[in-house]
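# Observations on the model geometry
Letter by letter, the chains look like this.
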Amino acid sequence: MMKLLSMTIAFLYVIILAVIFMKKKDVFLIIILCIIIAIAYMIYNHMQTDTNTIEVYYQNELIDTVDISIDASYTFTGTYGSFTLEVKDRQYHATDVECPNHDCEKMGWIKEGSTKSIICLPNEIYVIQSNAEEQIEVGN
């Protein structure tokens, strides 16, 4: 929202300068260019949609897809024990995990759009966002 506001202010500033110091053809050209830039910016923002789903894998196989816009808790059974994933306010984290080191719980809350993953090696469970660029491989 802040980017859009700053772009609008810059656009208005250019228009005011154009009206004061330029010829009619120049003003028209600058207005057309600003409109083209604004349309390109809106298309770019539309294409950069936030993901609202996360994928839960067990032994490298997708076992569930979770919508992070819905607050809930999900429990999965891994190799070592249970693994609970809590989703709240478009964020998620591991909680109540049965494993010896609890490193996955120490990851904390992960926000929508983050590239962070939750990996529980003892349970062979990992959680990534659907738009994650990198694929995580869990060793056999």
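For the structure itself, look to the data block above.
The structure reproduced in this document is the subject of the present report. (Residues numbered from 1 in each chain as written. Predicted model: local features only at pLDDT ≥ 70, side-chain atom pairs only at ≥ 80, totals over all residues. Heavy atoms only, no water.)

## Remarks on the nonpolar core
- Formed by 18 residues in total, the largest nonpolar core has its most connected members in Phe83, Leu85, Tyr92, Ile118 and Val127.
- At the level of secondary structure, the elements contributing two or more residues to this core comprise strand E1 (53-58), strand E4 (82-88), strand E5 (91-95), strand E7 (118-120) and strand E8 (125-129).
- Looking at this core element by element, the count peaks at 3 residues for E4.
- Excluding residues that lie within four positions of it along the chain, Leu85 makes contacts with Ile54, Val56, Ala72, Ser73, Tyr74, Phe76, Tyr92, His93, Ala94, Ile118 and Val127. (Core = buried A, V, L, I, M, F, W, Y, C linked by side-chain atoms within 4.5 Å. Buried < 20%, exposed > 50% of the residue type's maximum accessible area, 1.4 Å probe, protein only. Helix = DSSP H or I, 4+ residues; strand = E, 2+ residues; numbered from the N terminus. Contact = heavy atoms within 4.5 Å.)

## Description of the pairing of E8
- Judged by how many residues are buried, E8 sits mostly within the fold: 5 of 5 residues are covered.
- Alternating residues of E8 divide into Ile125, Val127 and Gln129 and Tyr126 and Ile128, and every residue in both groups is buried.
- The pairing of E1 with E8 spans 5 bridges and is classified as antiparallel. When the sheet's bridge partners are listed, Tyr58 is paired in E8 with Ile125.
- The pairing of E7 with E8 spans 3 bridges and is classified as antiparallel. Residue pairing for E8: Ile119 is matched across the bridge by Tyr126. (Pairing = 2+ DSSP bridges.)

## Describing the pairing of E4
- Of all 7 residues in E4, 5 are buried, a share of seventy percent or more.
- Taken together, the 6 bridges between strand E3 (residues 72-77) and E4 define a ladder with antiparallel strand orientation. Of the residues in E4, the one forming a bridge with Phe76 is Phe83.
- Between the end of E3 and the start of E4, which pair antiparallel, lie 4 residues.
- The sheet contact formed by E4 and E5 spans 5 bridges and is antiparallel. Its bridge partner lying in E5, Thr84 is registered against Thr95.
- Counted between consecutive antiparallel strands, the loop separating E4 from E5 contains 2 residues, among which Asp89 sits at a positive phi close to 55°.

Without other data, these values stay purely geometric and don't point to any function.
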